[in-house]
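# Geometric and topological summary
Here's the letter readout for the chains.
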Amino acid sequence: MFIMLIKSNLNLYNHKLQKKKRMRHLIYASFSLLMICLFFYTLFFSDYFTIKDIKIFGAESIPESLLKAEIAGALGMRSFVFLKNANIFAMPSDFLQNELKVKFPKIKTILVEKNIFKREVLFVVAERKATGITCKNDEGPCFYFDSEGVIFNSSPVILGAQVLKIIDDTINTDMILPNHKYLEAQIGLIGFLKNKALEQNNITLRYFSFLNDHGDISAETMQGFKIFFNSQIDPAEQIKVLDGILDREIKDQISNLDYIDLRVESRAYYKFK
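Attention here is on the structure that accompanies the text. One numbering rule holds for all chains: residues counted from 1, following each sequence as written. Predicted model: local features are reported for residues with pLDDT of at least 70 only, side-chain atom pairs are reported and counted for 80 or more only, and whole-chain, interface and lining totals are derived from all residues. With hydrogens and water stripped out, all remaining heavy atoms of the structure feed into the side-chain values.

## Side note on the state of the cysteines
Think of a disulfide as a covalent bridge from one cysteine sulfur atom to another cysteine sulfur atom. Disulfides are defined in this document as cysteine sulfur pairs within 2.5 Å. Within this structure, the stated rule accounts for 1 disulfide. Residue pairing for Cys-135: its cysteine sulfur links by disulfide to Cys-142, the two sulfurs lying 2.0 Å apart. Measuring handedness by torsion sign, the sulfur bridge of Cys-135 and Cys-142 sits at about 110° and is right-handed. Both residues of the pair, Cys-135 and Cys-142, count as buried. Burial status follows relative accessibility: with a 1.4 Å probe on protein chains alone, a residue under 20% of its type maximum counts as buried, one over 50% as exposed, and anything between as partly exposed.

As structure tokens, this is what we get:
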């Protein structure tokens, strides 16, 4: 009887002990959950981490006020219904970068840096530099392109021979900008040909046209004739062949020249009007 009483008391003690443990675990779990909720609330839903300042560096021709207005508009929206974009942790950096590039095609790259403690965001902008213009025809419309062949802004019609110019009948005002229209190698090639033709042959290339997908290029000269180049052949060699044909055969008949064709390696074909 005494032993049974002891066992009964032990069971009662263990039951109370387990109950206390369960209660303690429940309190710890509730406290942990409360702390986690408080942590996430402070991070994402309170105003404590709301962005206080936006700084922009590198913008040269794009007004800073327009950039800030576009950024502020995006920060005024919410992500996933609940999260505020103005929260420095929830701010959608990739979305903002893409939106700014679409809104301002002149932006080449944009870097976003966050200072969490100051609650400020720095936008470092690099703008595209105009290498030349491309036009549908001599009357336009025209657009600037950079050294990578990306069309990014509309351009006035420029008639001077100093600018690197492409005539392209696929150009139109409905194009979505920025538009990677040409290859970087193509822009580098026509730039080289324009400079070397003037430097070595005193021939001013007024504008260029891409004739096909095989690398054939037509250059209209200020002297009124055309030169056909092949982008698959060393451009320095083509300029050398051009120099030779002008000196040895064309000479003072250049005013009657219709075209010079350099598309066959180490050879030149020409035709008078």
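Next, the rest of the story.
## Here's the deal with the packing of helix H2 (residues 64-75) against helix H3 (residues 93-103)
To get an axis, a line is fitted to the C-alpha atoms, and for a helix only the part in contact is used. The angle between two axes follows their N-to-C directions and goes from 0 to 180 degrees. In this description a helix means any DSSP run of H or I spanning at least four residues, a strand means any run of E spanning at least two, and both kinds are numbered starting from the N terminus. At a closest axis distance of 11 Å, the pairing of H2 and H3 adopts a crossing angle of 135°. Between H2 and H3, the crossing angle belongs to the class labelled oblique. In this structure, H2 meets H3 at a crossing whose hand is right-handed. Along its contact with H2, which presents Leu-67, Glu-70, Ile-71, Ala-74 and Leu-75, the element H3 presents Phe-95, Leu-96, Leu-100 and Lys-103. Think of it as three bins: nonpolar holds Ala, Val, Leu, Ile, Met, Phe, Trp, Tyr, Cys and Pro, charged holds Asp, Glu, Lys and Arg, and polar takes everything else, Gly as well. In the contact of H2 with H3, the residues fall into 7 nonpolar, no polar and 2 charged. Any angle from 65 to 115 degrees is called roughly perpendicular, while one under 35 is roughly parallel, one over 145 is roughly antiparallel, and all others are oblique. If you view the pair so one helix is near and one far, a crossing is left-handed when the near helix is turned anticlockwise from the far one by less than a right angle, and right-handed when it is turned clockwise. Note on definitions: a residue-residue contact is assigned when non-hydrogen atoms from the two residues lie within 4.5 Å.

## Re the sheet that holds strand S1 (residues 53-57)
Strands are labelled as partners when DSSP assigns at least two bridges between them. Strands sit in the order S1-S5-S4 across an open sheet of 3 strands; the sheet is mixed. In this open sheet, the two strands that pair with only one neighbour each are S1 and strand S4 (107-115). Pairwise comparison of adjacent strand axes, ignoring direction, gives a mean angle of 20° for this sheet. The pairing of S4 with strand S5 (residues 120-127) spans 8 bridges and is antiparallel. Within S5, the residue paired with Ile-110 across the bridge is Val-125. This element, H2, spans S1, S4 and S5 of the sheet and lies at about 140° to S1.

## Focus: the pattern of salt bridges
Any Lys or Arg side-chain nitrogen located within 4 Å of an Asp or Glu carboxyl oxygen qualifies as a salt bridge. Inspection of every chain in the model, using the stated rule, returns 12 salt bridges. In this structure, the salt-bridge partner of Asp-216 is Arg-263, at a minimum N-O distance of 3.6 Å. Highlighted residues: Asp-216 in strand S12 (residues 216-221) and Arg-263 in the loop between strand S14 (257-261) and strand S15 (269-272), separated in sequence by 47 residues. Between Lys-271 and Asp-258 there is a salt bridge, and its shortest N-O distance comes to 3.3 Å. Linking Lys-271 in strand S15 with Asp-258 in strand S14, this pair joins segments that are 13 residues apart in sequence. Relative accessible area serves as the criterion here: at 27%, Asp-258 is assigned to the partly exposed category. Linked through salt bridges whose partners overlap, the residues forming this network are Asp-138, Lys-165 and Arg-206.

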